[in-house]
Amino acid sequence: MLNIDNHQTTGKQREGNIIGFDFGQRRIGVAIGNNVSKTAQALITIESATNNQKFEAIQKIMEEWMPVSIVVGVPFNVDGSEHKVTNLSKKFAKQLEEKYSLPTHLVDERYTSIEANHELKDKKIDVKKKKLLIDQIAAKIILQSYLDQI
């Protein structure tokens, strides 16, 4: 069952790794964290032509890190209303939950890309690499937000 209740989990969560995703139609930022240390770090940005390729990349990450739960950022408009990517993010989260049978938590990701951009603003990085880094840093911010609340 997907949780979107202000980051709160129901019941005691198993200790271990948590994978965080910043879902986008072109790219998916990925972060790894741990619910014992309560820290998150940027991991990778998945940029693939097809959904099958994206899910193959996700499968490898899941096998390597063996998470105990999943966090997916869900975008909302500034006023809190939904837009088309909101529903796509929820669908993505549901697919992950069904495929991996892990607790999956939804986190409001408003402003995370702006925050990620701010982290990179003084770094001398080319535009293409910066776009990839922004997605994984946004995933880190989303996951850290979740970890700070559990």
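To start, this report covers the structure provided alongside it. Sequence order as written defines residue numbering, which begins from 1 separately in each chain. Totals for whole chains, interfaces and linings use all residues, but because this is a predicted model, local features are given only for residues with pLDDT of at least 70 and pairs of side-chain atoms are given and counted only at 80 or more. Neither water nor hydrogens contribute to the side-chain values; these are computed over all heavy atoms in the structure.

### A word on the pattern of salt bridges
Turning to step 1, where the next piece is worked out: Salt bridge criterion: a side-chain nitrogen from Lys or Arg within 4 Å of a carboxyl oxygen from Asp or Glu. Counting across every chain of the model gives five salt bridges.
Turning to step 2, where the next piece is worked out: Here Glu97 ties to Lys94 by a salt bridge, and the two come within 3.3 Å at their closest N and O atoms. Of this pair, Glu97 and Lys94 both sit in helix 2 (residues 84-100), three residues apart, which is roughly one turn of the helix.
Turning to step 3, where the next piece is worked out: For Glu97, a relative accessible area of 9% gives the class buried.
Turning to step 4, where the next piece is worked out: When the shortest N-O distance is used, the salt bridge between Asp108 and Arg110 registers 2.5 Å.
Turning to step 5, where the next piece is worked out: Here the term buried applies to any residue with accessible area under 20% of the maximum for its type, exposed to any over 50%, and partly exposed to those in between, with areas from a 1.4 Å probe on protein chains only. For Asp108, a relative accessible area of 32% corresponds to the partly exposed category. Only runs of H or I of at least four residues qualify as helices and only runs of E of at least two qualify as strands under DSSP, and these elements are numbered from the N terminus.

### What to know about the packing of helix 3 (residues 112-120) against helix 4 (residues 127-149)
Turning to step 1, where the next piece is worked out: What counts as an axis is a line fitted to C-alpha atoms, over the stretch in contact for a helix, and the angles between N-to-C directions run from 0 to 180 degrees. Between helix 3 and helix 4, the shortest axis-to-axis distance is 8 Å and the interhelical angle comes to 120°. In this view, helix 3 runs oblique relative to helix 4, as classed from their interaxial angle. Pair helix 3 / helix 4 crosses with right-handed handedness. Of the residues in helix 4, those in contact with Thr112, Ser113, Glu115, Ala116, Asn117, Glu119 and Leu120 of helix 3 are Lys130, Leu133, Ile134, Ile137, Ala138, Lys140, Ile141 and Ile142.
Turning to step 2, where the next piece is worked out: Charged residues are taken to be Asp, Glu, Lys and Arg, nonpolar residues to be Ala, Val, Leu, Ile, Met, Phe, Trp, Tyr, Cys and Pro, and polar residues to be all remaining types, Gly included. The class makeup of the residues in the contact of helix 3 with helix 4 is eight nonpolar, three polar and four charged. Here roughly perpendicular refers to angles of 65 to 115 degrees, roughly parallel to angles under 35, roughly antiparallel to angles over 145, and oblique to all remaining angles. Handedness of a helix crossing follows the sense of rotation of the near helix relative to the far helix, less than a right angle counterclockwise being left-handed and clockwise being right-handed. A contact between two residues is defined here by any heavy atoms of the two lying within 4.5 Å.

### Observations regarding the layout of surface pockets
Turning to step 1, where the next piece is worked out: Only protein atoms enter the 1 Å grid, on which a cavity is a set of points fitting a 1.4 Å probe that cannot get out and a pocket is an open set with protein on both sides within 12 Å along at least 5 of 7 lines, lining residues being those with an atom within 4 Å of a point. Grid points are joined across faces, edges and corners, and a volume is the space filled by probe spheres set on the points. Taken as a whole, the largest pocket spans an internal volume of roughly 320 Å³.
Turning to step 2, where the next piece is worked out: As for the largest pocket, its lining consists of 15 residues, and the residues nearest its centre are Phe23, Gly24, Arg27, Ser113 and Asp135.
Turning to step 3, where the next piece is worked out: Of all the secondary-structure elements, those providing two or more residues to the lining of the largest pocket are helix 3 and helix 4.
Turning to step 4, where the next piece is worked out: Each pocket or cavity is described by its volume, and for the second largest pocket that value is around 240 Å³.
Turning to step 5, where the next piece is worked out: Contributing to the lining of the second largest pocket are Phe23, Gly24, Gln25, Ile28, Asn51, Lys54, Phe55, Leu88, Lys91, Phe92 and Gln95.
Turning to step 6, where the next piece is worked out: For the lining of the second largest pocket, the secondary-structure elements that each account for two or more residues are helix 1 (51-65) and helix 2.
Turning to step 7, where the next piece is worked out: No other element matches the four residues that helix 2 contributes to the lining of the second largest pocket.
Turning to step 8, where the next piece is worked out: By residue class, the composition of the lining of the second largest pocket is five nonpolar, four polar and two charged.

Purely geometric numbers; function is a separate question.
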